[in-house]
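So you can see what is in the structure, the chains are spelled out below.
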Amino acid sequence: MNPQTAEANRARTRQKILVVEDENDIRELLRFNLAQEGFAVEEAGDGAEALDRVARRAPDLMVLDLMLPRMSGLELCRRMRANPDTARLPILIVTAKGAEVDRVLGLEMGADDYVVKPFSPREVVARVKALLRRANPAGAAAEGPSLFDRGRLRIDFAAYEVFVDGARKELALREFELLRFFVQHPLRVYSREQLLDLVWGRDTFVEPRTVDVHVRRLRQQIERDDARPELILTVRSVGYRFNPEALEQGL
Ligand code: CA
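Structural notes, computed from the coordinates. (Residues numbered from 1 in each chain as written. Predicted model: local features only at pLDDT ≥ 70, side-chain atom pairs only at ≥ 80, totals over all residues. Heavy atoms only, no water.)

**With respect to the coordination of the calcium ion**
- Looking at the calcium ion, the protein donor atoms are Glu21 (OE), Asp22 (OD), Glu23 (OE), Asp65 (OD) and Met67 (O), and they sit 2.1 to 3.1 Å from it.
- Along the chain, the residues donating to the calcium ion are arranged with the sequence spacing E-D-E-x41-D-x1-M. With a gap of 44 residues between them, Glu21 in the loop between strand 1 (16-20) and helix 2 (24-36) and Asp65 in strand 3 (residues 61-65) connect regions that are remote in the sequence.
- Assessed through its relative accessible area of 2%, Glu21 is described here as buried. (Donors = N, O, S within 2.8 Å, 3.2 Å for Na, K, Ca; no water. Helix = DSSP H or I, 4+ residues; strand = E, 2+ residues; numbered from the N terminus. Buried < 20%, exposed > 50% of the residue type's maximum accessible area, 1.4 Å probe, protein only.)

**Concerning the packing of aromatic side chains**
- Under the counting rule described, the total for this entry stands at three aromatic pairs.
- Here Phe157 and Phe176 contribute two aromatic rings whose centre-to-centre distance is 6.3 Å and whose plane-to-plane angle is 75 degrees, an arrangement assigned as edge-to-face. Here Phe157 is found in the loop between strand 7 (153-156) and strand 8 (161-164), whereas its partner Phe176 is found in helix 7 (residues 173-184), with 19 residues between them in sequence.
- Judged by relative accessible area, Phe176 falls into the buried class, the value being 2%.
- Relative to Phe176, the ring of Tyr160 has its centre 4.7 Å away and its plane inclined at 35 degrees; by these criteria the two rings are tilted. Linking Tyr160 in the loop between strand 7 and strand 8 with Phe176 in helix 7, this pair joins segments that are 16 residues apart in sequence.
- Looking at Tyr160, the relative accessible area reads 25%, which means it is partly exposed. (Phe/Tyr/Trp six-rings, centres within 6.5 Å; stacked < 30°, edge-to-face > 60°.)

**A few points about the layout of surface pockets**
- There is about 1000 Å³ of room inside the largest pocket.
- In terms of lining residues, the largest pocket is bounded by 40 residues, among which Gln36, Glu37, Lys129, Ala172 and Leu173 are the most central.
- Of all the secondary structure elements, the ones that give two or more residues to the lining of the largest pocket are helix 2, strand 2 (40-44), helix 6 (121-135), strand 8, strand 9 (167-169), helix 7 and helix 9 (209-222).
- Here the element with the most residues in the lining of the largest pocket is helix 6; it accounts for eight residues. (1 Å grid on protein atoms, 1.4 Å probe; cavity = no way out; pocket = protein on both sides within 12 Å on 5 of 7 lines; lining within 4 Å. Points joined across faces, edges and corners; volume = space filled by probe spheres on them.)

**Describing helix 3 (residues 47-56)**
- Among the residues of helix 3, Gly47, Ala50 and Val54 are the ones counted as buried. Each buried residue of helix 3 lies within a common arc of 55 degrees when the element is viewed along its axis, so the set occupies one face. Pointing more than 90 degrees away from the buried face of helix 3 are the exposed residues Ala55 and Arg56.
- Along its buried surface, helix 3 packs onto strand 1, strand 2, strand 3 and helix 4 (73-82).
- The N-terminus of helix 3 is capped by Asp46, whose side-chain oxygen sits 3.0 Å from the backbone nitrogen of Ala48. (Arc of directions from axis to C-beta. Contact = heavy atoms within 4.5 Å. Polar contact = N/O pair within 3.5 Å; in protein donor to acceptor, adjacent residues only side chain to side chain.)

**Digging into unusual backbone geometry**
- Along the chain, Lys117 connects to Pro118 via a cis peptide bond; the corresponding omega equals -5 degrees.
- Mapping Pro118 onto the fold places it in the loop between strand 5 (113-116) and helix 6.
- Its identity as a non-glycine residue notwithstanding, Tyr160 has a phi of 55 degrees, on the positive side.
- With phi around 50 degrees, Asp165 is a residue other than glycine that occupies positive phi space.
- On the secondary structure map, Asp165 appears in the loop between strand 8 and strand 9.
- The exposure class assigned to Asp165 is partly exposed, which follows from its relative accessible area of 48%.

**Concerning the sheet that holds strand 12 (residues 239-242)**
- Strands sit in the order 10-12-11 across an open sheet of three strands; the sheet is antiparallel. Of all strands in the sheet, those bounded by a partner on one side alone are strand 10 (190-191) and strand 11 (232-235).
- Sheet topology note: the strand 10/strand 12 ladder contains two bridges and is antiparallel. Looking at the pairing, Ser191 lines up with Gly239 of strand 12.
- Against the sheet, helix 9 touches strand 11 and strand 12, its axis set at about 145 degrees to strand 11. (Pairing = 2+ DSSP bridges. Axes fitted to C-alpha atoms, helices over the stretch in contact; angles between N-to-C directions.)

**Details of the packing of helix 2 against helix 6**
- Put simply, helix 2 and helix 6 touch, their axes get as near as 10 Å, and they point 60 degrees apart. Regarding the angle of helix 2 to helix 6, the classification is oblique. When you trace helix 2 past helix 6, the crossing you get is right-handed. Here Leu29, Leu30, Asn33 and Leu34 of helix 2 come into contact with helix 6, specifically with Pro121, Val124, Val125 and Val128.
- Its residues assigned to classes, the contact of helix 2 with helix 6 shows seven nonpolar, one polar and no charged. (Parallel < 35°, antiparallel > 145°, perpendicular 65-115°, else oblique. Left-handed = near helix turned anticlockwise from the far one by under 90°. Nonpolar A, V, L, I, M, F, W, Y, C, P; charged D, E, K, R; others polar.)

By themselves, these figures tell us nothing about what the structure is for.
Encoded structure:
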């Protein structure tokens, strides 16, 4: 794969979420939790700002609070659906507890799902992932085979599911993308900087040490003994490489 193709694939896999919410602390909570899962998060504090951001760069999904100043979330939702460019944009609405009318109206206006305040960030993240899967079931398949199945490891790229020795593992999106990269690029050694470029993307400003944190978390999920890794090997003073041969060892 040449660098341009890798870059294009990387840009496709990094999904953009637009969070539309006027309450700063809730918007920050959403931004933080979605960013931790590896999403590129944009924010808008009201409907007009949201329209502006969407016009400049369409997101892959919108998290939309219905109670907004100036333009209501319902109106924004209606406008998204009326525009052919955003008619199919997945929209997760956030409604206040007890505002059942808003929820029903929101779904009628074309929202895809809803969460009720106060929500748990985990729940929002889970719904976002589910909506993105539904919206683009072939997205992962378009970048290569949709299934990796070798020895102890089975990955369903389309469903974002990972099984080790038959047991389902819950990987954060970033760990999943890192694992995807490793299995699709076996044997070669990658430096931390290369992994940041190819998995995180150039537009993120994170320390190369961040890679170590995510490799550690990934090892905890997929290695038999994460203190003595066999699958994701550390190559001293260089970086990491994936060792697929270990998948069949000891079976
Ligand atoms: Ca609000």
